[in-house]
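# Summary of the model geometry
Listed here are the chains, written in short residue letters.
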Amino acid sequence: MKLQENRQKIDAINKEMIRLFEERLSIVVDIAKYKEEHQMKIHDVQREQEILASAVQVLENPELADYAKEFMNEVIRISKEYEKNHVHQHIFLIGMPGAGKTTIGKALAQALGLEFFDVDTEIQERTGKSIQNIIIHDGEEEFHQLELNVIQDLVSKKNASVIATGGGTVLCDATAELMRESGYVVLIQRDVKQILDDLDMEIRPLLKESIEYIFRLYEERQPIYERVSHIKIENISNVADVVQAVISALPNASL
């Protein structure tokens, strides 16, 4: 085997792969912008499955099927991340109750010219029940399913929007994955002591038990918030400054 000769062949293949990958990304963005203009859903799971199946079919060596799927899955993942930088996406605000998600979300939506939705409000309007009532009588699992259903519906609306989630929305893996797949997840971070100072216990019944409970809740959820979020914004100033910080952190906010 001529080592140098084979290395040169690999180098040539790599160059061609990069050229084709660059061309692919350009086409992906063109398609995404077309879908955005025509209010079509950006991500198509069925199409992704077709791509994976097609990749396997063209293999001459069937033993490479799993490797081909892994390779194309990574190509699809990178393409979707690149796509986010070139088309408008849903913006999901996560964080502790009292972090300011709804207030900031409304101002952010206005600044970007997008619709605003509050998941808790959507649930209450659809069920005719309060959040406290749902959790007490139907259970937290049912409540998380309602959160997932609402976010699925909002995402299927196709138009980009700002969506304020509940403090525990990220606890459902399916919902967390859906949010990350459908746009940017922004963690609104606020010092728990400030939350305690401002929190109206009458409208946040889940946090009424004790100050210790709130601190424990913060410690339990913070690692999940960190893991699920794409962007972390400190809410330590006025609403206008926080909104500007979010806009500056979003790669495609100026589109």
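Here the structure is a predicted model, which is why all the values come from computation and not from measurement.

When their charged atoms lie close together, side chains carrying opposite charge are able to pair. By the definition in use, this model includes 12 salt bridges. Across the pair R19 and E16 runs a salt bridge, and its minimum N-O distance is 2.7 Å. With R19 and E16 both in helix 1 (residues 3-37) and three residues apart, this pair spans about one turn of that helix. The exposure class of E16 is partly exposed, given its relative accessible area of 35%. Between E234 and K232 there is a salt bridge; the shortest N-O distance is 3.9 Å. Residue classification places K232 among the partly exposed positions, given a relative accessible area of 41%. Linked through salt bridges whose partners overlap, the residues forming this network are E16, R19 and E23.

Another point: a nonpolar patch on the surface. Among the surface-exposed residues, I13, M17 and F71 lie close enough to one another that they form a single nonpolar patch of about 290 Å² accessible area. Looking at the element boundaries, F71 is found in helix 3 (residues 65-84). On the accessibility criterion, F71 (45% relative accessible area) is partly exposed.

The next subject is the packing of helix 1 against helix 3. When two helices pack together, their arrangement is given by the angle between their axes and by how far apart the axes lie. Two elements in contact, helix 1 and helix 3, have axes separated by 10 Å at closest approach and are oriented at 50 degrees. It follows from the interaxial angle that helix 1 and helix 3 lie oblique. Between helix 1 and helix 3 lies a crossing whose hand is right-handed. In this structure, helix 1 contributes M17, F21, R24, L25, V28, V29 and A32 to the contact, and helix 3 contributes F71, M72, V75, I76, I78, S79, Y82 and E83. Looking at the contact of helix 1 with helix 3 residue by residue, the class counts come to 12 nonpolar, one polar and two charged.

What follows covers the packing of helix 5 (residues 119-127) against helix 7 (residues 140-156). Two elements in contact, helix 5 and helix 7, have axes whose closest approach is 10 Å; the angle formed by their N-to-C orientations is 100 degrees. Relative to helix 7, the element helix 5 lies roughly perpendicular. Contact with helix 5, carried on its side by V119, D120, E122, I123, R126 and T127, involves F143, L146, E147, N149, V150, I151 and D153 of helix 7 and no other residues of that element. A class-by-class count of the residues in the contact of helix 5 with helix 7 yields six nonpolar, two polar and five charged.

What follows covers helix 1. Relative to the 51 Å expected for 35 residues at 1.5 Å per residue, helix 1 spans 51 Å between its end C-alpha atoms, a close match to the ideal helical length. If you check which residues of helix 1 are buried, you get L25, V28, V29, A32 and K35. Next to the buried residues of helix 1 lie helix 3.

What follows is about the side chain of Q189. Here Q189 is to be found in strand 4 (residues 183-189). With relative accessibility at 6%, the residue Q189 sits in the buried group. With residues up to four places along the chain from it excluded, the contact list for Q189 reads Y218, Q222, K232, I233, E234 and N235.

Within helix 8 (residues 173-182) the residues assigned to the buried category are T175, A176, L178, M179 and S182. On an axial view of helix 8, the arc spanned by its buried residues comes to 160 degrees, and they lie on one face. Exposed residues on helix 8 whose side chains face more than 90 degrees from its buried face are D173 and E177. Packing partners of the buried residues in helix 8 comprise strand 1 (90-94), helix 7, strand 4 and helix 10 (211-228).

Rules and cut-offs
- In this convention, every chain numbers its residues from 1, walking through the sequence in written order.
- In keeping with the model being predicted, local features are shown solely for residues with a pLDDT of at least 70 and side-chain atom pairs are shown and tallied solely at 80 or more, while totals for entire chains, interfaces and linings include all residues.
- Think of the side-chain values as coming from all heavy atoms in the structure, minus any hydrogens and water.
- We define a salt bridge as a contact between a side-chain nitrogen of Lys or Arg and a carboxyl oxygen of Asp or Glu at a distance within 4 Å.
- Helix and strand labels come from DSSP, where a helix needs a run of H or I of at least four residues and a strand needs a run of E of at least two; each type is numbered from the N terminus.
- Throughout, exposure labels follow a simple rule: accessible area from a 1.4 Å probe, protein chains only, divided by the maximum for the residue type, with under 20% read as buried, over 50% as exposed, and the rest as partly exposed.
- Note that patches include only residues with greater than 30% relative accessible area and no salt bridge, and the join distances are 9 Å for like charges and 5 Å for nonpolar side chains (Val, Leu, Ile, Met, Phe, Trp, Tyr).
- Only the protein chains shown count as cover for residues, and all accessible areas are computed by the Shrake-Rupley method using a 1.4 Å probe.
- Where helices are involved, their axes are fitted lines through C-alpha atoms of the stretch in contact, as for all axes, and angles between N-to-C directions lie from 0 to 180°.
- For classification purposes, angles smaller than 35 degrees are called roughly parallel, those larger than 145 roughly antiparallel, those between 65 and 115 roughly perpendicular, and all remaining angles oblique.
- Here is the rule for handedness: rotate from the far helix to the near one, and if that takes an anticlockwise turn smaller than a right angle the crossing is left-handed, while a clockwise turn gives right-handed.
- Whether two residues are in contact is decided by their heavy atoms: any pair within 4.5 Å suffices.
- We call Asp, Glu, Lys and Arg charged. Ala, Val, Leu, Ile, Met, Phe, Trp, Tyr, Cys and Pro are nonpolar, and the rest, Gly among them, are polar.
- What a helix should span is 1.5 Å times the count of its residues minus one.
- Along the arc lie the directions from the helix axis toward the C-beta atoms.

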